[in-house]
Amino acid sequence: MQQTALITGAAVRVGAAMARALAADGWHVAINYHSSTEQAAALLAQIQADGGQGHLVPGDLRDQGVVDSLIEAAGQDAPPLGLLVNNASMFENDSALNMDLESWNDHQAVNLRAPVFLARDFARNLGNGRAGVVVNLLDNKMFALNPDFFSYTVAKYGLLGATKVLAMELAPQVRVCGIAPGITLPSTNQTDARFNKAHKLNPMGKGATLDQLVAALRFILSAPAMTGEVITIDGGQSLEGMPRDVSFMAED
């Protein structure tokens, strides 16, 4: 039986790659996005042109009203929900000394509150007799902390903890896992030279790619005894305990 996968922040980058892969694997994909309207429409059109199925579920995850209605919107006129991928992320640099309440609240809302409440509603929506999977996109720096991107880091660290606790609370009906990539794609305003340097700042000399993140997602879905675990893909970078974010370490 076909199932629906809800992917937050799915219009571009990692989320879009996962949406395309899941659609190719036979999932109906519910594509959540906030401001990337044209990209989301183009992604859905591409998926449908390739023989896949899906629909759009717009919404700003900073708005709790949007979060509270998103699971219902994802399942409307679609196959039953079987997968939630909490991919959407806010990533802006601040520090413990210069952060403000708005930045703190926005990072907590998108990176922690929304994933947790969506997991709650996803589990409630399953009903008796159906199993589901939640996959949280984390960050390899959770295993080698540094103070850069302070509000982002604290929120993602909370999501790491939530992944473990939700796995215990929601078992056996729902499995909850995480994927923690190192640097995968260039950040805003990052030059190709700086990205290539940062991508190789690890013991393996090569970092995460979209194909590897998709492979990790597919592995989680194929391993029914796996829950509460996080797959880290970073070329071993987190083993080195860098004192700053890798994007700054790669500055010329």
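Each remark here, short or long, concerns the structure printed above.
None of these values were measured; they are calculated from a predicted model.

Here is what the cut-offs are and how they apply
- Residues numbered from 1 in each chain as written.
- Predicted model: local features only at pLDDT ≥ 70, side-chain atom pairs only at ≥ 80, totals over all residues.
- Heavy atoms only, no water.
- Pairing = 2+ DSSP bridges.
- Helix = DSSP H or I, 4+ residues; strand = E, 2+ residues; numbered from the N terminus.
- Right-handed = clockwise from strand over helix to strand, strands pointing away.
- Buried < 20%, exposed > 50% of the residue type's maximum accessible area, 1.4 Å probe, protein only.
- Contact = heavy atoms within 4.5 Å.
- Axes fitted to C-alpha atoms, helices over the stretch in contact; angles between N-to-C directions.
- Expected span 1.5 Å × (residues − 1).
- Bend = angle between axes of the 7 residues up to and from the residue.
- Polar contact = N/O pair within 3.5 Å; in protein donor to acceptor, adjacent residues only side chain to side chain.

Student: Sorry, what's going on with the pairing of strand β3 (residues 53-58) here?
Tutor: Side chains on a regular strand alternate between the two faces of the sheet. In the sheet, strand β2 (residues 28-33) pairs with β3 via six bridges, with the strands oriented parallel. Across the sheet, Y33 pairs through a bridge with P58, a residue of β3. Between the parallel pair β2 and β3, the chain is carried across by helix α2 (residues 37-49), and the sense of this crossover is right-handed.

Student: Quick question: what am I supposed to make of the environment of F143 here?
Tutor: With respect to the element layout, F143 can be found in the loop between β5 (132-137) and α5 (150-170). Using a relative accessible area of 39% as the deciding quantity, one classes F143 as partly exposed. As a C-alpha pair, F143 and G241 span 98 residues in sequence and 8.2 Å in three-dimensional space. Not counting residues within four places of it along the chain, the set of residues in contact with F143 comprises L160, A180, V230, T232 and S238.

Student: Any chance you could explain the pairing of strand β1 (residues 4-7) here in plain terms?
Tutor: Burial of the side chains of β1 extends over both faces: T4 and L6 are buried on one face and A5 and I7 on the other. Summarising the sheet, β1 and β2 pair through four bridges and their orientation is parallel. Looking at β2, one finds that T4 is bridged to H28. Note on the crossover from β1 through helix α1 (residues 13-24) to β2: the handedness is right-handed. Where β1 and strand β4 (residues 81-86) come together, four bridges link them in parallel fashion. Across the sheet, residue T4 finds its bridge partner in β4, namely L81.

Student: How should I be thinking about the sheet that holds β5 in this particular structure?
Tutor: Within a beta sheet, neighbouring strands are joined by backbone hydrogen bonds and run either parallel or antiparallel to one another. Strand order in the open sheet formed by seven strands is β3-β2-β1-β4-β5-β6-β7, and the pairing between neighbours is parallel. In this open sheet, the two strands that pair with only one neighbour each are β3 and β7 (230-233). For this sheet, the mean angle separating the axes of adjacent strands, direction not counted, is 15 degrees. Sheet topology note: the β5/strand β6 (residues 174-181) ladder contains six bridges and is parallel. For G132, the partnering residue across the bridge sits in β6 and is V174. Contacting β1, β2, β4, β5 and β6, α1 runs over the sheet at an angle of about 175 degrees to β1. Lying over the sheet, helix α4 (residues 101-126) contacts β4, β5 and β6, oriented at roughly 175 degrees with respect to β4.

Student: What am I meant to see in α4 here?
Tutor: Side chains that are three or four residues apart share a direction in an α-helix, a result of its 3.6 residues per turn. Its 26 residues give α4 an end-to-end C-alpha distance of 36 Å, which sits within 8% of 38 Å, the value for a rise of 1.5 Å per residue. Along its length, α4 reaches its greatest deviation from straightness, about 45 degrees, at A109. If you check the start of α4, you find a side-chain oxygen 3.3 Å away from the backbone N of E102, and it comes from D100. Looking at the residues trailing α4, positive phi occurs at G127, about 75 degrees.

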